[in-house]
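Fold and contact review
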Amino acid sequence: MDLRLSTGPRALLSLVILIIVKLPTVRMAYNIGTGIADTTGPIAEIVFMGYAKIDQKGAGLHLRTFARSYIIDDSEERFVFVSVESAMIGHDVRAMVIRKLQEKYGDLYSEKNVMISATHTHSSPGGYNLYMLFDLTTFGFIKQSFNALVNGIFVVRIFGIVLSNYGSHYTLPGKLFVGHGEVLDANINRSPMAYLNNPQFERDKYNYDVDKSMTQLQFIAANGHPMGVINWFAVHPTSMNNTNRLVSSDNVGYAAVLFEKYINKDTPIGKGDFVAAFASSNLGDVSPNTRGPKCEFSGDECSSSYTCPGKNEMCFASGLKTVKYF
Ligand SMILES: *[C@@H]1O[C@H](CO)[C@@H](O)[C@H](O)[C@H]1NC(C)=O
């Protein structure tokens, strides 16, 4: 209901009706659960999924990849959201996870209430999708990639394999809070010229050529203890470029690790109780490489066709070099 569209008594009446209708369903608390498990697959010899570059094979590890899971239960319905540090999630990974859940918990979990989302990192091993196009660069199915994902997602502590302080897949009474904000200087449009082909009236609706808004869902236990967050900000996890051969959860994975370290202090990465997912959203044409495309050696601006004419150098984009490793 948009009150700005109606005026006077009608608006007031609608508001009263809205309050009366809404009041009985207002809940003070949900039952919520959070968990994290390692999904790092084979780190050597397997082509990464993302850039679809056949010689971009794993040759080591930069940042481990994790699955982070959240249960929201309002005592009538249960919903599970899992964010996995992977390029994408195929139908078969999800089907296998749901099958394993059902073997253990019956019909509590199904395709109706389990959502699995991939962060879209471009630096993790491929070969798990069981679709020809997606598994082409790895020359077919890679069992280790598939199992690492399925087991990682399934073994997440809320599903009861490893007990957390909160105890198996059970949930704690808690509250959810949603925050919104704008983050400038963290993403750019990777095809600004293509964007200009959108009709003027449509472009006039937006301040920027990419979405700068950030949304964060916060999971807070009834005793005030922070249990986790899910953060959505539109950006491709492509700070690691297509020459990288170290398995990595990339920019959003690094953000997750830093946030978790901030709350969990000295607990080893991936073992703490506070779980921070930086999940994928409307990141389609959105790049983290905010310096924009530049010529490789001269540092000059690229031409309008993203080339460096007359010189033997490439045109590629990068971000600011401010990364601090821990
Ligand atoms: C990729 O990143 C590395 C490390 O920052 C850099 O040395 C290299 O020039 C980049 N190459 C491309 C093609 O983006």
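Residues numbered from 1 in each chain as written. Predicted model: local features only at pLDDT ≥ 70, side-chain atom pairs only at ≥ 80, totals over all residues. Heavy atoms only, no water.

1. Things to note about the pattern of salt bridges
By the definition in use, this model includes seven salt bridges. For the salt bridge of D285 with R190, the shortest nitrogen-to-oxygen distance reads 2.7 Å. Taken together, the residues span a long stretch of sequence, with D285 in the loop between β12 (275-279) and β13 (286-287) and R190 in the loop between β9 (188-189) and α5 (192-195) at a distance of 95 residues. Owing to a relative accessible area of 34%, D285 belongs among the partly exposed residues under this scheme. For R190, a relative accessible area of 46% puts it in the partly exposed group. Among the ionic contacts, a cluster of salt bridges with common partners joins R68, E85 and E260. (Salt bridge = Lys/Arg side-chain N within 4 Å of Asp/Glu carboxyl O. Helix = DSSP H or I, 4+ residues; strand = E, 2+ residues; numbered from the N terminus. Buried < 20%, exposed > 50% of the residue type's maximum accessible area, 1.4 Å probe, protein only.)

2. Considerations on the nonpolar core
Counting residues in each nonpolar core, the largest one holds 21 residues, and the members touching the most others are V93 and I153. The set of elements that each furnish at least two residues to this core consists of β4 (66-73), β5 (78-84), α2 (91-105), β6 (114-118) and α4 (143-155). Core analysis: the next-biggest nonpolar cluster, separate from the first, contains 14 residues, F66, Y70, M227 and A277 among them. (Core = buried A, V, L, I, M, F, W, Y, C linked by side-chain atoms within 4.5 Å.)

3. Things to note about the sheet that holds strand β3 (residues 57-59)
What the three strands build is an open sheet, ordered β3-β2-β7; its pairing is antiparallel. Where the open sheet ends on each side, the last strands, each with one partner, are β3 and β7 (123-125). Neighbour to neighbour, the strand axes of the sheet diverge by 55° on average, direction disregarded. Across three bridges, the pairing between strand β2 (residues 44-50) and β7 is antiparallel. Looking at β7, one finds that F48 is bridged to P125. (Pairing = 2+ DSSP bridges. Axes fitted to C-alpha atoms, helices over the stretch in contact; angles between N-to-C directions.)

4. Concerning the environment of G270
Summarising the element assignment, G270 is placed in the loop between α7 (250-264) and β12. Taking the C-alpha atoms as reference points, G270 and F66, 204 residues apart in sequence, are found 7.4 Å from one another. Non-local contacts of G270, meaning those with residues more than four positions away in its chain, are made with I36 and F66. (Contact = heavy atoms within 4.5 Å.)

5. Things to note about the pairing of β2
With two bridges joining them, β2 and β3 adopt antiparallel strand pairing. Residue A44 lies in a different strand from β3, and its bridge partner there is A59.

6. A word on the UniProt feature "binding site: Zn(2+)" (unreviewed entry) in the protein chain
Residues annotated by UniProt as "binding site: Zn(2+)" (unreviewed entry) correspond here to H120 and H236. Annotated residues spanning 117 residues; largest pairwise C-alpha distance 7.0 Å, indicating a single compact cluster. Position of H120 relative to the elements: it lies in the loop between β6 and β7. Residue class for H120 comes out buried when judged on its relative accessible area of 16%. For H120, the contacting residues outside a window of four places in its chain are S86, A87, M88, H236, P237 and L283. (UniProt positions renumbered as here; feature names shortened; annotations may be inferred.)

7. Let's talk about the pairing of strand β10 (residues 213-221)
Bridge count between strand β8 (residues 172-182) and β10: nine bridges; the pairing is antiparallel. Counted as the bridge partner of K175 is I220 from β10. Connecting β10 to the next strand, strand β11 (residues 226-233), in antiparallel fashion are four residues, including G224 with a positive phi near 90°.

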